[in-house]
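These are the residues of each chain, in order.
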Amino acid sequence: MNELNALFRKRIGLQEDVKLTFEKLDEILDKTAKTIPFENLSIMASHLSDIDKANIVNKVLVRNEGGLCYELNSALYFFLMENDFDVSLVRGVIYNQGWMTIGRTHVTILLKHEGQTYLIDTGFGGNLPLKPVPLNGETVVSRNGEFRIKKESTDHGDHILELKLKHKDRDWRIGYAFDSSQPVGNVEELNEVQTIIRENPQSPFNKHPLITRLTNSGNITLTDTSFTQWENGKVTKEEIDGARFKELLKQHFDR
């Protein structure tokens, strides 16, 4: 078993001898969401490396950090490829009370299986489907909510991910648009995404530290000013200072 495959399995707590099948992907996505956090700490600390396979493996699987969409989904993409899945990376635009204006900075995975294409995303903060979402419009239900994909051409791509998070959304809302017709040719293309996220004044990820991951009963989110826990639909929020931030980072994220 090669190093990346072994390291990814170790990181998410999956035995080395388990054969990966399409049916196993729900479990893989759930384990990944609980163990590899969505975070911008390296952006805030300006500890950045070029985006390439070796650096992603080192950051996410050797140093056991998390990352943003272009790092988390790249790591998962390499792992799925090693396990003989037909996968590609694509880029999209996040919707947040309007389409974000900084370009196609969301990176996600498309997987082909038995003539059907599915979206797989482990890099969308607390909004993770936790299951492959088919591009044919069917609704997928997971413990995190309901998810579906609408085929619709916009300036931002040819499909739109819609979601309704459990305990949080009463109605369907747009997550992001993506372009299935323009796969990322080489992961190094994502250096452009990292540069935008690091330098653009409108980037949401270069202002304050943020780290979040799913838990068995909800999710936890830590910033420099607050610690928020969702547990079975109940939310608690604690205002914090720098010392408490370091304490919680160690306690909940092993950092």
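Residues numbered from 1 in each chain as written. Predicted model: local features only at pLDDT ≥ 70, side-chain atom pairs only at ≥ 80, totals over all residues. Heavy atoms only, no water.

- Per an unreviewed UniProt entry, the recorded name for the protein is N-acetyltransferase, and the organism is Peribacillus simplex.
- Under the UniProt heading Sequence similarities (unreviewed entry), the note attached to the protein is "Belongs to the arylamine N-acetyltransferase family." (UniProt positions renumbered as here; feature names shortened; annotations may be inferred.)

1. Some details on the pairing of strand 10 (residues 210-214)
Regular strands place their side chains on alternate faces of the sheet.
Moving on, step 1. Counting buried positions along strand 10 yields 5 of 5 residues, so the element is predominantly enclosed.
Moving on, step 2. Residues Leu-210, Thr-212 and Leu-214 line one face of strand 10 and the alternating positions Ile-211 and Arg-213 line the opposite face, and both faces are buried.
Moving on, step 3. Bridge analysis of strand 10 against strand 11 (residues 218-223) gives 5 bridges, and the strand direction is antiparallel. Bridge pairing links Ile-211 to Leu-222 in strand 11. (Buried < 20%, exposed > 50% of the residue type's maximum accessible area, 1.4 Å probe, protein only. Helix = DSSP H or I, 4+ residues; strand = E, 2+ residues; numbered from the N terminus. Pairing = 2+ DSSP bridges.)

2. Re unusual backbone geometry
Moving on, step 1. A positive phi angle, near 55 degrees, is found at Gln-97, a position not held by glycine.
Moving on, step 2. Looking at the secondary structure, you find Gln-97 in the loop between strand 2 (86-94) and strand 3 (106-113).
Moving on, step 3. Non-glycine residue His-167 carries a positive phi angle of around 70 degrees.
Moving on, step 4. Checked against the element boundaries, His-167 lands in the loop between strand 8 (157-165) and strand 9 (173-178).
Moving on, step 5. The exposure class assigned to His-167 is exposed, which follows from its relative accessible area of 52%.

3. Section: the nonpolar core
Moving on, step 1. Ranked by internal contacts, the top residues of the largest apolar core, which has 43 residues, are Tyr-70, Leu-76, Leu-111 and Leu-190.
Moving on, step 2. Secondary-structure elements contributing two or more residues to this core are helix 1 (3-12), helix 2 (25-35), helix 4 (53-62), helix 5 (69-82), strand 2, strand 3, strand 4 (116-120) and helix 6 (191-199).
Moving on, step 3. If you tally residues by element for this core, the top one is helix 5, at 9 residues.
Moving on, step 4. Sequence-distant contacts of Leu-190, that is, excluding residues within four places in its chain, are made with Ile-51, Tyr-70, Ser-74, Leu-89, Arg-91, Val-107 and Val-184. (Core = buried A, V, L, I, M, F, W, Y, C linked by side-chain atoms within 4.5 Å. Contact = heavy atoms within 4.5 Å.)

4. Some remarks on the packing of helix 4 against helix 5
Moving on, step 1. Helix 5 packs onto helix 4 with a crossing angle of 105 degrees between their chain directions and a minimal axis gap of 10 Å. By the criterion of interaxial angle, the relationship of helix 4 to helix 5 is roughly perpendicular. Across from Lys-53, Ile-56, Lys-59 and Val-60 in helix 4, the residues of helix 5 making contact are Tyr-70, Glu-71, Ser-74, Ala-75, Phe-78 and Glu-82.
Moving on, step 2. Here the residues of the contact of helix 4 with helix 5 are counted per class, giving 5 nonpolar, 1 polar and 4 charged. (Axes fitted to C-alpha atoms, helices over the stretch in contact; angles between N-to-C directions. Parallel < 35°, antiparallel > 145°, perpendicular 65-115°, else oblique. Nonpolar A, V, L, I, M, F, W, Y, C, P; charged D, E, K, R; others polar.)

5. Points about the sheet that holds strand 7 (residues 145-154)
Moving on, step 1. Ordered in space as 5-4-3-2-9-8-7-6, the 8 strands form an open sheet in which the pairing is antiparallel. In this open sheet, the two strands that pair with only one neighbour each are strand 5 (133-134) and strand 6 (140-142).

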